[in-house]
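# Examination of the molecular architecture
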Amino acid sequence: MREETTDGRIAPTMGRRCFLQSVAWMSGAIATGVSSWSVQPDWANAAAAPIKVGIATDLTGAIAYVGNACANVAKMVVKDINNAGGILGRPIELFVTDTASTESVAVANVRRLVQRDKVDVVLGGITSSMRNAIKDVIVTRGKTLYIYPEQYEGKECTPYLFCTGPTPAQQCDQIIPWLIKNGGKRFALPSANYVWPHVVNKYARELIEKNEGEVIFEEYYPLDQVEYSATVNNIMTNNVQVVFNTIIAPGLGPFFKQLYQAGFGKRGGRLACVFYDENALNLNAPHEIEGLASCLDYYRAVTARDPASARIQALYDEQFPGKVLLAGAATGMYRGLKLWELAVREAGNLDREHVAAALDHAKISEGPGGPAEMVPGKRHCKMNMYTAVAKNGHFEIVARSEGLVDPREC
Amino acid sequence: MESALNATFEVLSFGAIIVLVVLGLGIIASMMGIFNFAHGEFVLLGAYTTYLVYSFGLPVWLGMLVAPLVVAAIGFVVERLVIRRFYAAPVAAMLGTYALGLVIREGVRSLIGGLYISVPEPIAGSLTIAGVPLSRWRLAIVIITAVVMVATYLVLTRTSFGLRVRAALENPSLARVSGISTNAIYAVTFTFGAALAGLAGALVVPVFSLFADLGIRFLILGFLAIMLGGIGTFEGSVAGAAVVGVLSAALPWAVAPVLADILVFVIAIVFIKFRPGGLVAGRRV
């Protein structure tokens, strides 16, 4: 709309109608959500209404690369299920929402997923603080099933909340004895100051001492600290043999680099970091983390021996050939969706009670890393665990668990 | 002895990094009265440019040479399009530059796919002095920072351009009456500040790796440094940066790291309480 001003110029102004139009347009955009989208099944003649699966993960923000890997895996699995005829004769519609690495944003977006889109299950959340922020919205107020797919510190025993990632018992029980044998007995535990490192360290310390090792120091740093000279000096002067690291990015890369430059690797020191997966290998130059040990439920190297893992890896690489890789942080998503699929088939409907009861003892024979099964009554997942060592920018498996490892939770 | 030498070097090198980052921020804040909240993102752009050049298979040092030029060009465009509208309204400038920073940060985040990417040093390895391994690249940063600092000081105090910059800062109206185009001076100053940020980003990216939030931590430390040093002076910003950099690197050697992070701010706030003008109040270059 344009109006003529007193000096004869044509000036743009905003009239009442124009204003109302803009407000209507904007509120529409906000209400329908700009940060969420859905993938509809491409069944032309789907007679039955689709089953709705909600994915709430960090598509933007500091840990977006993990979130995008999770979203990719969800798309891949749902496509697979739909191609095979869906579940109970119904296709699956995927609703993906961004939790933006920010709890306040996440709660609003997840509430919309549960209340407006009325999804039948929610999978997602990466950090424990995110899980704690959104679980009430999903499970208590939303009366919906929630599957948390990440490795975490354990102790999550909320009803209707199922965890499909590794717990401290699954990771530490495997890697600590290996580290004592292949690194030494003098441990340092440098850590980021939040809940996961505190709980993991408590568990790890007990194991180290039980295996006749010794913790030289356990120290916590602000999450965004990038300068670690004092810590590195402490490690070098105290003759630490194993650095069991729980510092996270952005400090992780600079810390390992400083350790390397101080000559920690050269004098035979062993780095260990239980969340280090293939996506994290970008953080440092290969020579800086040569020999780093990690313990997760999946590495690409597993595909050499496990045909099912190889098939899933090939499918992922074909559908998502970018830089965001299928790695340890996204395998819980695969497991969670597949276990839930079986549970729905067994229950024969989508009632939360029935599906939860079936999910409580669900088992899959194939997945990234091998088979997996829920431990009845525990809402946590048994899985194979692998200890791997970084060699020239790739992980090589150096130890495998004997069968499925118990999460020992709840 | 070894430990003391090591500590001194590490503290010095982190201090140098902070000085390098704050230099550009300080010049813009002191000379133009604009608190550039996008400064951290200019640092990020410098780092990203270096990575981009490196990812094309070209040497890292070339990226480091190109980065200040690219960021200077971006800074110039930003000054002409956005910043110049805010000279009369410093508070609006803070919000405007914050928004600009957000756009750059999220833009870079989507360009690098939210990943953390390591960039190698042009001079790798360590130098062993008295049995202590010192990173060659950190040593290079200390030297480059010293050179840039001295050069900037000389430009501001010994050249006619520096004189005009200071004139435009002291009394803009009188400078304009004397035939100095303050408009042009501001554009050049902002561009120069951006170039310094670009250089800082390029030099620190091998140390801290490339990620979208690279600039944020430095921005907060940077503003603390300027507050501590005193607004309106070149020496103030540098001295403030040195103090903040040295404090934040040295304190973790003495107290628990989580406490050290808070202590830096507590010490700075207490200091400002007793000396509100900052370290070098009342003296100008």
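On a predicted model such as this, the values are computed, not experimentally measured, just so you know. (Residues numbered from 1 in each chain as written. Chains lettered and ligands numbered in written order. Predicted model: local features only at pLDDT ≥ 70, side-chain atom pairs only at ≥ 80, totals over all residues. Heavy atoms only, no water.)

Below, the discussion takes up the overall build of chain B. Scanning chain B for helices and strands turns up eleven helices and two strands. The secondary structure elements of chain B, listed N-terminal to C-terminal, are α-α-α-α-β-β-α-α-α-α-α-α-α. For 285 residues, the compact-globule estimate of 2.2 N^0.38 gives 19 Å, and chain B sits close to it at 19 Å. With the C-alpha coordinates aligned to their principal axes, the bounding extent of chain B is approximately 60 × 50 × 35 Å. For chain B, the proportion of its 285 residues judged to be buried stands at 54%. Here the analysis covers contacts within chain B between residues at least 6 apart in sequence; of these, 75% occur between residues at least 24 apart. Averaging the locations of the 16 positively and 10 negatively charged side chains of chain B gives two centres separated by 12 Å. (Helix = DSSP H or I, 4+ residues; strand = E, 2+ residues; numbered from the N terminus. Rg over C-alpha atoms; globule rule 2.2 N^0.38 Å. Buried < 20%, exposed > 50% of the residue type's maximum accessible area, 1.4 Å probe, protein only. Contact = heavy atoms within 4.5 Å. Lys, Arg positive; Asp, Glu negative; His and termini not counted. Charge placed at Lys NZ, Arg CZ, Asp CG, Glu CD.)

Another point: the nonpolar core. One finds A:I176, A:F244, A:F256, A:Y276 and A:W340 to be the most contacted residues of the largest nonpolar core, which totals 191 residues. The dominant element in this core, judged by the number of residues it contributes, is helix α1 (residues 2-32) of chain B, at 15 residues. Residues lining this core come from more than one domain, with at least three contributed by each of domain 1 (51-166 + 305-379) and domain 2 (168-296 + 390-400) of chain A. Grouped together as the second largest cluster of nonpolar side chains are 19 residues, A:V107, A:V110, A:V139 and A:C163 included. (Core = buried A, V, L, I, M, F, W, Y, C linked by side-chain atoms within 4.5 Å. Domains from an automatic or database assignment.)

Residues and elements named next belong to chain B. Interaxial distance between helix α2 (residues 39-55) and helix α9 (residues 214-229) falls to 8 Å at its minimum, and their mutual angle equals 140°. On the basis of their axis angle, the class for α2 and α9 is oblique. Classified by chirality, the crossing of α9 by α2 is right-handed. Every residue of α9 that contacts α2 at H39, G40, E41, L44 and A47 is listed here: L214, G215, I216 and L219. By residue class, the composition of the contact of α2 with α9 is five nonpolar, three polar and one charged. (Axes fitted to C-alpha atoms, helices over the stretch in contact; angles between N-to-C directions. Parallel < 35°, antiparallel > 145°, perpendicular 65-115°, else oblique. Left-handed = near helix turned anticlockwise from the far one by under 90°. Nonpolar A, V, L, I, M, F, W, Y, C, P; charged D, E, K, R; others polar.)

If you walk through the whole model with that rule in mind, you get 17 aromatic pairs over all chains. Seen from their ring centres, B:F42 and B:F190 are 6.1 Å apart, and the 80° between their planes marks the pair as edge-to-face. Of this pair, B:F42 sits in helix α2 while B:F190 sits in helix α8 (residues 182-208), and the two are 148 residues apart along the sequence. Judged by its relative accessible area of 0%, B:F190 falls in the buried class. Taking the centre distance of 6.2 Å and the plane angle of 45° together, the rings of B:Y48 and B:Y51 count as tilted. Remark: B:Y51 and B:Y48 occur in helix α2; sequence separation between them is three residues, near one turn of the helix. As far as the burial class goes, B:Y48 and B:Y51 line up, both buried. One aromatic cluster is present, formed by A:Y221, A:Y228, A:F255, A:F256, A:Y276, A:Y299 and A:F395 through successive ring pairs. Directly above the ring of A:Y148 sits A:R131, whose terminal nitrogen or CZ lies 4.7 Å from the centroid. In this arrangement the basic side chain of A:R352 is found over the ring face of A:Y160, its NZ or CZ atom lying 3.7 Å from the centre. (Phe/Tyr/Trp six-rings, centres within 6.5 Å; stacked < 30°, edge-to-face > 60°. Lys NZ or Arg CZ within 6 Å of the ring centre and 35° of its normal.)

Applying the stated criterion to the full structure yields 24 salt bridges over all chains. With a shortest N-O distance of 3.2 Å, A:E288 and A:K257 are connected by a salt bridge. Here the residue A:E288 occupies a position in the loop between β12 (270-272) and β13 (293-296), and A:K257 occupies one in helix α8 (residues 252-261), the gap between them amounting to 31 residues. For the pair shown, A:E288 and A:K257 are each scored as buried. A salt bridge links A:E396 to A:K391; its shortest N-O distance comes to 3.5 Å. Relative accessible area serves as the criterion here: at 39%, A:E396 is assigned to the partly exposed category. Beyond isolated ion pairs, a larger network of salt bridges with shared partners links B:E41, B:R105, B:E106, B:R109 and B:D213. (Salt bridge = Lys/Arg side-chain N within 4 Å of Asp/Glu carboxyl O.)

Moving on, we come to the domain arrangement of chain A. Residues and elements named next belong to chain A. For chain A, the domain assignment lists domain 1 (51-166 + 305-379) and domain 2 (168-296 + 390-400). Domain 1 and domain 2 are separated by 29 Å when their C-alpha centres are compared. Residue-level contacts link 17 residues of domain 1 with twelve residues of domain 2. When the two sides are added together, the surface that domain 1 and domain 2 hide from each other amounts to roughly 1,300 Å², 58% of it contributed by carbon and sulfur. Three residues stand out in domain 1 for area buried against domain 2, namely Q151, E153 and P166, and they jointly supply 42% of the buried area on that side. Here domain 1 and domain 2 share three residue pairs in polar contact (both at pLDDT 80 or more) between them. When contributions to the side of domain 1 that touches domain 2 are tallied by element, the ones reaching two or more residues are α2 (64-83) and α10 (328-347). A class-by-class count of the residues in the side of domain 1 that touches domain 2 yields eight nonpolar, five polar and four charged. (Buried area = accessible area lost by both parts, 1.4 Å probe. Polar contact = N/O pair within 3.5 Å; in protein donor to acceptor, adjacent residues only side chain to side chain.)

Attention now moves to the interface of chain A and chain B. Quite often, the size of an interface is put as the accessible area lost when its parts meet. Across the boundary between the two partners, chain A contributes 27 residues, which contact 31 residues of chain B. Between chain A and chain B, the buried area comes to about 2,700 Å², and carbon and sulfur atoms account for 56% of it. The tally of links from chain A across to chain B stands at two salt bridges. The partner of A:E227 in a salt bridge is B:R138, and the shortest N-O contact between them spans 3.2 Å. Run the count over chain A and chain B and you get ten residue pairs in polar contact (both at pLDDT 80 or more). Broken down by secondary-structure element, the contributors of at least two residues to the side of chain A that touches chain B are β10 (214-221), α7 (229-237) and α8 of chain A. Here the side of chain A that touches chain B is composed, by residue class, of 13 nonpolar, nine polar and five charged.

Our focus in this paragraph is the state of the cysteines. A covalent bond bridging the sulfur atoms of two cysteines is what the word disulfide describes. All names here are of chain A. On inspection of all chains with the given rule, the structure shows one disulfide over all chains. A sulfur-sulfur separation of 2.1 Å characterises the disulfide bridge that pairs C157 with C410. A torsion of -100° about the S-S bond marks the disulfide between C157 and C410 as left-handed. Of the two residues, C157 is situated in the loop between β7 (145-148) and β8 (161-163) and C410 in the segment after β18 (394-400); the sequence distance between them amounts to 253 residues. On the accessibility criterion, C157 (34% relative accessible area) is partly exposed. Taking the relative accessible area as the measure of exposure, C410 reaches 37% and is therefore partly exposed. Looking at C70, it has no disulfide partner, and the nearest cysteine sulfur is the one in C163, 14 Å off. Take C295: it sits in no disulfide, and the sulfur closest to it among the cysteines is that of C172, at 8.1 Å. (Disulfide = S-S within 2.5 Å.)

All right, on to the confidence of the model for chain A then. All names here are of chain A. This prediction gives chain A a mean pLDDT of 88; 90% of its residues lie at or above 70. Mean pLDDT values over the elements of chain A span from 39, in strand β2 (residues 10-12), up to 97, in strand β11 (residues 242-244). Contacts of residues 1-14 to residues separated by more than four positions or lying in other chains number 15 contacts, the stretch itself having pLDDT below 50. In this model residues 29-34 is a low-confidence stretch, pLDDT under 50, and it forms seven contacts with partners more than four residues away in sequence or in other chains. (pLDDT = per-residue confidence, 0-100.)

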